[in-house]
Structure formats: structure tokens, C-alpha cells
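Structural overview for review
Single-letter residue listing:
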Amino acid sequence: MTKPVPPDVVERAAKLRQLIDDYRYHYHVLDESTMSEAAADSLKHELSQLEERYPELITPDSPTQRVAGKALDAFAKVTHRTPMVSLADVFDETEVAAWIERMKKVAADIDEEFLCDIKMDGLACALTYQDGVLTQAVTRGDSKIGEDVTQNVRTISNVPLRLRANQKYAHFLRGRTEIRGEIVMFKDDFEALNAERAAAGEPLFKNPRNLAAGTIRQLDPKLVAARPLRFIGYDMLRDELADTPTIAYGYQVMSELGIATSRLTEVARGLSDVMSYINHLDTVRGSLKFNTDGAVIKLNDRQKFAELGVVGKTPRAAVAYKFAAEEATTVVEDIVISIGRTGAATPVAVFQPVQLAGTTVQHASLHNADEIARLDVRRGDTVIIYKAGDIIPQVQAVLTELRPDDARAIDYQKELARQYPELEFVRPEGEAVYRVKGLNGPLILKRGLRHFASKGALDIDTLGEKNVEAIVDAGLVHDLADIYTLTKDDVLGLERFADISAGKLIDAIARKKQPPLEKFVYGLGIRHVGAQTAIDLAKHFQSLDKIAAATLDQLSQVDGVGEVVAESIVAWFADGDNQTMLQKFADLGVRPQFTQKTGRLAGKHFVVTGTLETMSRDQAADAIRALGGTFQTAVGKDTDYLVAGGKVGASKLKKAEAYGTKVIDEQALLALLST
């Protein structure tokens, strides 16, 4: 029996359909952009995943089931003889391989030869030549019906009004020839046009694609002629399929007849060649004359292409490979606050992991309280995030149309009090950020470095309180990682050090370049992460990178990690200063190591109460952990042993009795450790 679709999923799908349809109307009909194409693709991808999971959500008017766009009444409407269908998107090599396999299931004898071309960011248009003379130009429209923009296209300088005479291809100058392509504006031309408008005090155009689309649909051809548009062909259609046996042959004929092409096409044999083309294009696309967001891959054999037909609204024998988007949509799961090395409180949006510019992103800085108010971002909101180059991801906008009914505005001061009840914050006059009252950068660094070097953490010999004070006050270190840049000569310049003591400190630091993972994590000083929690994190994730990339849900699966601790961990790793410091550690050769503990106490949980005679509580904890045991601070249902020393706490004994925990003395513990 099929499970009913959850009501919140039904509501989400309906809102997605409405928002995508609104975007497509503005984009394809009015030539206005309410969001980037990448953001719209991200929303459509989310909707398609929902419909794949719950097919009963699919409606005839869903954006995933039709090609968007409608012809405006201002131009004559023309029905395409062959629909200008859209292509299905693929995003990685696995999806390209799956597409090839789907074709082979339908036609096992296909030759894996493909025509690859750049996917141009312009306005799709079909030019009809009758006996070699341009007779009509029609926009793509809704794929079946477009707009007659012939008069405007005739003004584009690189569109031949008559195809170039060519003896070898003379038969293409007889009968009907349809050339399909994109009307684009080169980036240099766009920038020059905007420079002229800036000098004249006129508003600037947003991007080349919107300008090209808006220009070609102007009613006055003189205005069109004044703007530097170009037509780039990507396909040729003839009444007889045999006239163009392959897609690549069509490109060759177009060039010979005077139609400009991208000059970036390549015939690829098999998946490996296709991906080589795509990877090369990805590296050079920034230097191309026109904008692109991917590549088009088509089965080269036109007869097989036709036989494979159309599935849904897309041809089975062609796909559009989309490069990693620099914009995407996701849902904000939480807003946490990170305290940086200067004491500044920085809010961070934590969201469902999403692919952005080739990497998985799950948080973005919200900078300060003013930015939260400006965006009006709330938990549960769907947001557009962006990433340009190597910068930290940012929240661009909130899609309020998808906001849940129970989403509440963020009161920043209340959030500070909730997340850091033991601290007091002030917002200095003239500043945008809140800071911890009574703390400054050097004081925070000294505390952090003392903890990092302490016995419970990295246990760096000779780096005690006095030496920490000395190197920080001298400006030799600015974060924890900087201790690994210290040289003997640096330290010899300080009052406290002579040749031997300076050498000992440098050697002690160098010996800690491969610390145990749990010690390193504890040493970072992440709020709420004590020694045992650090051990639990290390056991669960087994690498620093995996801990850093963990989501709130993944962290909550670790024993002893609840919502508050998970929020604190995510906030720490989301902080820009901390990310820079971790990269510095890596660059300096600091490699935390995970070692699976398999001692005889593995699986046993211990709590120590009262005073021990032969060792400190920390020493007892280290001894238990060294044999694979777990040291706990409080008695719980899973506690196996309560070690009772002197001055035993009555509450722990009572809990031990309630949970059936075995109570042992110090001698019994020593026996367990030495057995």
C-alpha cells in the first residue's frame, strides 16, 4: 500500500511550482529576471526530486513537465515545424554515464559518438532560409509557438540574409533550411555598452543574456540595430534527414554557408572523451567571449537521434551538462552564533547541505545583527546562496514565498542570551557587531593557547602560562597554529629564554605535529566539547575533515552530543577565522591522527567520584581511555563502574544504585588497569 504524501511535502511542492512558474513567466515572457538561472534550476531540481519520490505529486502543469515561456501578443505567433524542445540537465560524470546507458537500453546498437558544444547563455532562435534566402526568424517561445522577430534579426550583422554560395553544398541552397542557434552579446560588447550608459547617467543593464533577449523583442528594429548582437548556430534541419547524416556534419555545413558557430565543438568517442571535453571547457570558460553555464552533448548520428525520440518533454539523445552552480537554494535549519578570536559574535546560517561551485556547502556567514534584519532571514526559510571564486558562501536573498507559517523573526539579543547565558555582550558605538564584554583578542588567545598546550590536550612541554604570555605579548603568534611557525631565533629574543630553553620549546612543539585526533579536537577549545566529547567525536568520524563537514543531524547521532553541543561545533567550524587557522595547521604539516582503541576496557564506561590517592582524576581518565574505556563525568544508564574515592558524593552513589552500576574502590580500579 502506497504511503500518503505528508501534508508539508504537498504544500512545499505547490509553493515550488508557483514560484518556478512565476520566475519562468518573468524570464521567458517579460525578459525580466527575478533570480539567477542557477537558483531557479536548484528549485526545479528540488521539485523534481519530490516528484520522483512521490509521483502522485506530478501535475500536468508542473514546471518539470513542460517547457516554459509564452509568446507575447506584440509579435506575430509562429508554430515551429519541429518543436524547439529543452534538454534534460545532468550535473556530473555519473549522470552522463546513466544517460548513455538509458539510450542503449532503447537502442543497443548505438555508436557512442557524441557531438559536444558549449551551452550558450542567450536567446534561442530559429532562422528559416528558403532557397538560400532568409525568410523568417522565430524565437523559441514555449517550444511549439514562438514570435516572428525577422525584422529585428535582419539587423544582426553576422546573420547572412542569403546563405553563402558554395559548390560543394549547393543543394543546401535549394529548398528549406532551418538554422537553430542562440542570439548572444559578447562580454566585451556588454561592458562597453554599460560604460557608455554609466557616462550618460543612465541605469546599467543587468547581464548580457537579459539584454540580448530584451533587445531582440523590441518593436523598433532601429534600436536593435544599435546594439551589438550576434547569432551563433548550433543545429541545422532539412526536410530530408539524410542531408545532414550527423550533427557534426551540420556544423561543418553551417560554417561553409556563412553561419557563425561557437568554434568550440568536438566529436567525442565514449564517456571518457566527453568528460575530457567538459573538464577542459570548465577551465577555460571564464576567458570565453560569451557567457556559458555548461555544455550540450548530443548523439552524433542523426538517424539514431530521431529514432530515439522524445521522452516527456526532452529528446532522449541529448542532454545539457550544467557546470557547478555558483548560486543555489537551500533551507535554513538553524542560526548559530560563533565567538571569534577577537570576541566578536558572528551569526551563521546552518542549512541543508547543497552543492555550490563544486563543493558541498552547509553554512554561510550572516555577518551581524543588521544583516539578519536586512535579509529578514529565519529558521525554516528557503534562501538563495552564492559563492564567487574562493569566497565564503553568502546568503543573497530569502524566498519569502516558501516561508513556513511558524517561522519567527530573529531577536539577536535574545539569541545571544540563549546560546551564551554565561556571557555578557556589548555593541560598541559605531560598530555593527556585538562583542563579549571584558574580553579582547590577546586575552582570548592566551586562554586558548594555554588550553591547547595543556596536559589534557596536546601536552606541549615547557609551553606553560608564563611562556604563553611571553610569545603572545611579543606578537609572535596570532592564533593557535602560529606556534608551529616559531623558530629558535624568534624565542631567543625574549627575556625568559636562553639557548637551551629556547631549543626545548621549539623541539616540544615540533613533536606535536601528529597529535591524537581527540586531543587536537579538545585542544581547539570548542565550546561544550570536553575531553570525552572530543573522544566520542573522534571515534565516530575518525578524521578532522569529517568532523568539520558534519551536519547538525550527523553530530546529534554521536553519543553525548545534543542540540546545544551540535550547534556549538557547527558554529566553530563555520567561523572564517577558524577555517583559516585549520588551513594554516594543514599547510604547516600538522596532521591529527586517529587510532582505534581496542584495549581490554573497550566498551566499559567509568565514572570517578571523590578523591583518589594514587592519581588525579585526569590521570585516571587517561589510563581508562588508553585501554579503550570511556570516561564519563556523570553516572548514566550505560555506566558500568563508579569508582568511589575519598569524600564520595552521595548523589552519584544513589544514581549508581538506581542504574545497577557496580561501585568499586581505587584498588579495584588499579587492578582493572593492571590486569
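On a predicted model such as this, the values are computed, not experimentally measured, just so you know. (Residues numbered from 1 in each chain as written. Predicted model: local features only at pLDDT ≥ 70, side-chain atom pairs only at ≥ 80, totals over all residues. Heavy atoms only, no water.)

Each helix and strand counted, the protein chain has 25 helices and 24 strands in total. Across its three principal axes, the protein chain shows a C-alpha extent of roughly 105 × 65 × 50 Å. A burial count over the protein chain gives 49% of its 675 residues as buried. Across the protein chain, the fraction of contacts at a sequence separation of at least 24, relative to all contacts at a separation of at least 6, is 69%. Just so you have it, the protein chain exposes about 32700 Å², and 50% of that area is on carbon and sulfur atoms. Across the protein chain, 83 positive and 96 negative side-chain charges occur, with their mean positions spaced 1 Å apart. (Helix = DSSP H or I, 4+ residues; strand = E, 2+ residues; numbered from the N terminus. Buried < 20%, exposed > 50% of the residue type's maximum accessible area, 1.4 Å probe, protein only. Contact = heavy atoms within 4.5 Å. Areas by Shrake-Rupley, 256 points an atom, 1.4 Å probe, with all protein chains shown as cover. Lys, Arg positive; Asp, Glu negative; His and termini not counted. Charge placed at Lys NZ, Arg CZ, Asp CG, Glu CD.)

In terms of domain boundaries, the protein chain breaks down into domain 1 (7–57), domain 2 (88–322), domain 3 (327–425), domain 4 (442–511), domain 5 (517–588) and domain 6 (605–674). Taking only C-alpha atoms into account, the centre of domain 3 sits 36 Å from that of domain 4. (Domains from an automatic or database assignment.)

What follows concerns the packing of helix H21 (residues 563–574) against helix H22 (residues 576–587). Two elements in contact, H21 and H22, have axes whose closest approach is 5 Å; the angle formed by their N-to-C orientations is 70°. Between H21 and H22, the crossing angle belongs to the class labelled roughly perpendicular. Facing Trp 572, Phe 573 and Ala 574 of H21, the residues of H22 in contact are Gly 576, Asn 578, Gln 579, Met 581 and Leu 582. Split into classes, the residues belonging to the contact of H21 with H22 amount to 5 nonpolar, 3 polar and no charged. (Axes fitted to C-alpha atoms, helices over the stretch in contact; angles between N-to-C directions. Parallel < 35°, antiparallel > 145°, perpendicular 65-115°, else oblique. Nonpolar A, V, L, I, M, F, W, Y, C, P; charged D, E, K, R; others polar.)

Here we come to the sheet that holds strand S7 (residues 176–184). Strand order across the open sheet formed by 4 strands is S5-S4-S7-S8, with antiparallel pairing between neighbours. Strands at the two margins of the open sheet, each flanked by one partner only, are strand S5 (133–139) and strand S8 (230–238). Here the strands of the sheet are splayed against their neighbours by 30° on average, with no regard to which way each runs. Two strands pair when backbone bridges link them, and strand S4 (residues 123–130) and S7 are joined in this way by 8 bridges, in the antiparallel orientation. In the strand pairing of S7, Leu 123 is matched with Ile 183. (Pairing = 2+ DSSP bridges.)

The next point concerns the pairing of strand S10 (residues 292–299). Extensive coverage of S10 is indicated by the burial of 8 of its 8 residues. Sheet analysis places strand S3 (residues 113–120) next to S10, joined by 7 bridges and oriented antiparallel. Following the sheet pairing, Phe 114 is matched in S10 by Leu 299. Here 5 bridges tie S10 to strand S13 (residues 318–322), and the two strands are oriented antiparallel to one another.

So, on to the environment of Ile 100. Note on placement: Ile 100 falls in helix H3 (residues 93–106). Look at Ile 100 and you get buried, because its relative accessible area is 4%. Counting along the chain gives 43 residues from Ile 100 to Ser 143, while the straight-line C-alpha distance between them is 25 Å. In contact with Ile 100, not counting residues within four places along its chain, are Glu 112, Phe 114 and Leu 271.

A few words now on the packing of aromatic side chains. The final tally for this structure, using the stated rule, is 13 aromatic pairs. Between Tyr 169 and Tyr 249, the aromatic rings sit 6.1 Å apart at their centres with planes inclined by 70°, giving edge-to-face as the arrangement. Separated by 80 residues along the polypeptide, Tyr 169 in the loop between helix H4 (150–153) and S7 and Tyr 249 in helix H8 (residues 247–256) bring together distant segments of the chain. On the accessibility criterion, Tyr 249 (24% relative accessible area) is partly exposed. (Phe/Tyr/Trp six-rings, centres within 6.5 Å; stacked < 30°, edge-to-face > 60°.)

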